[in-house]
Amino acid sequence: MLIEPSQLLLFMLAGWLLNLTPGPDVLYIISRSLRGGRRAGVAAIAGISAGCLVHVALASLGLGVLLATSATLFTVIKWIGAAYLLWVGVRLLRNTGESTLQADIAASSGSAGSFWQVFAGGFLTNVLNPKVVLFFLAFLPQFIAPSVQNKALAFAVLGLVFTVNALPINAAYVLAADRVRSSRWAARGMQWLDKLAGVLFIGFGLRLALTARPTP
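Residues numbered from 1 in each chain as written. Predicted model: local features only at pLDDT ≥ 70, side-chain atom pairs only at ≥ 80, totals over all residues. Heavy atoms only, no water.

## Section: the overall build of the protein
Note the cut-off: Helix and strand definitions here come from DSSP, where helices need a minimum of 4 consecutive H or I residues and strands a minimum of 2 consecutive E residues; each element is numbered from the N-terminal end. Each residue's exposure class comes from its accessible area (1.4 Å probe, protein chains only) as a fraction of the maximum for that residue type: buried when under 20%, exposed when over 50%, partly exposed otherwise. Pairs of residues are marked as contacts when any of their non-hydrogen atoms sit within 4.5 Å. Note that accessible areas follow from Shrake-Rupley with a 1.4 Å probe, and for residues the cover is restricted to the protein chains shown.
Of the regular secondary structure elements, the protein holds ten helices and zero strands. From first element to last, N terminus to C terminus, the protein shows the α and β order α-α-α-α-α-α-α-α-α-α. A total of 216 residues make up the protein; the buried ones form 46% of that total. Restricting to contacts in the protein with at least 6 residues of sequence separation, those with at least 24 account for 86%. Of the roughly 11100 Å² of accessible surface on the protein, a fraction of 70% belongs to carbon and sulfur atoms.

## Some points on the packing of aromatic side chains
Spelled out, the test is: Pairing of aromatic rings covers Phe, Tyr and the six-membered ring of Trp, with a centre-to-centre limit of 6.5 Å; geometry is then stacked below 30 degrees between planes, edge-to-face above 60, and tilted otherwise.
Counting across every chain of the model gives twelve aromatic pairs. Summarising the aromatic geometry, the rings of F11 and F139 are spaced 5.7 Å apart at their centres and angled 20° between planes, so their arrangement reads as stacked. In this pair, F11 is assigned in helix 1 (residues 5-19) and F139 in helix 7 (residues 130-139), connecting sequence segments 128 residues apart. Judged on exposure class, the residue F11 and its partner F139 are both buried.

## Considering a nonpolar patch on the surface
For clarity, the threshold we go by: Residues forming no salt bridge and having over 30% relative accessible area are the ones grouped into patches, like charges within 9 Å of each other and nonpolar side chains (Val, Leu, Ile, Met, Phe, Trp, Tyr) within 5 Å. Salt bridges are defined as contacts in which a side-chain nitrogen from Lys or Arg sits within 4 Å of a carboxyl oxygen from Asp or Glu.
Taken together, L53, L160, V164 and L167 make up a surface patch of nonpolar side chains, about 320 Å² in accessible area. Of note, L167 is situated in helix 9 (residues 167-181). Note on L167: relative accessible area 36%, which makes it partly exposed.

## Quick word on the packing of helix 1 against helix 8 (residues 151-165)
Between two packed helices, both the angle of their axes relative to each other and the distance between the axes serve to describe the pair. This is how the line gets drawn: Throughout, an axis means a line fitted to C-alpha atoms (over the contacting stretch in the case of helices), and angles, computed between N-to-C directions, take values from 0 to 180 degrees. Throughout this description, any angle smaller than 35 degrees is read as roughly parallel, any larger than 145 degrees as roughly antiparallel, any in the 65 to 115 degree range as roughly perpendicular, and the remainder as oblique. Crossing handedness is defined as follows: a turn of the near helix away from the far one that is anticlockwise and smaller than a right angle gives a left-handed crossing, while the clockwise case is right-handed.
Between helix 1 and helix 8, the least distance of the axes is 9 Å, while the angle of their chain directions is 50°. What the angle tells us is that helix 1 and helix 8 run oblique. Handedness of the helix 1/helix 8 crossing: right-handed. The segment helix 1 lies against helix 8, with L8, F11, M12, G15, W16, L18 and N19 engaging L158, V161, F162 and N165.

## A short note on the packing of helix 2 (residues 24-60) against helix 7
Contact pair helix 2 / helix 7: the axes reach a minimum separation of 9 Å and the direction vectors enclose 55°. The pairing of helix 2 with helix 7 is recorded here as oblique in orientation. The handedness of the crossing between helix 2 and helix 7 is right-handed. Contact residues: helix 2 offers C52, H55, V56 and A59, while helix 7 offers V132, V133, F136 and L137.

These values are about where atoms sit, not about what they do.
Structure (structure tokens):
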């Protein structure tokens, strides 16, 4: 048995609490849902989930340990991720308001390309954050039964469970944001929402840039 039933329940509850904590992934889901509706929100969730699976795969294959122990690799990925978050933040701050909102609404209900653009944004937001794979390396092993022989398989399974377990929380964010989006206040205040999201993304980018590699 990879994990005891009682431990599995604790693992799922801990995962939900962690997913309720605001971060770049949550902000991306909410901001895209506010601007593009449920379809954009689903695309954001799919992209972020795909990024999580990449981190799980890397950690399961042992590459996550390399990231945790290599100062150079950690720094390179950290700066790429920070630059991406800063770019997203600046782009949101430069948005001009209602015209951008209307364009996003049209795009979200139109071409399939817009879905994949949002997906790619979510994927990059997650996969370029080295703190995610370090989190998996620190969090998941605590729930693997000591008697398990294939630790890598157990790690991969728990990583998949964690990713799937996050879907209800992320879907709730999408539904809530979509509900707010349909109100008059959202249409009038979208420019300010963009600016707030831009400031937060810049904050996340700066925080990632200042993050030091954990000591092995």
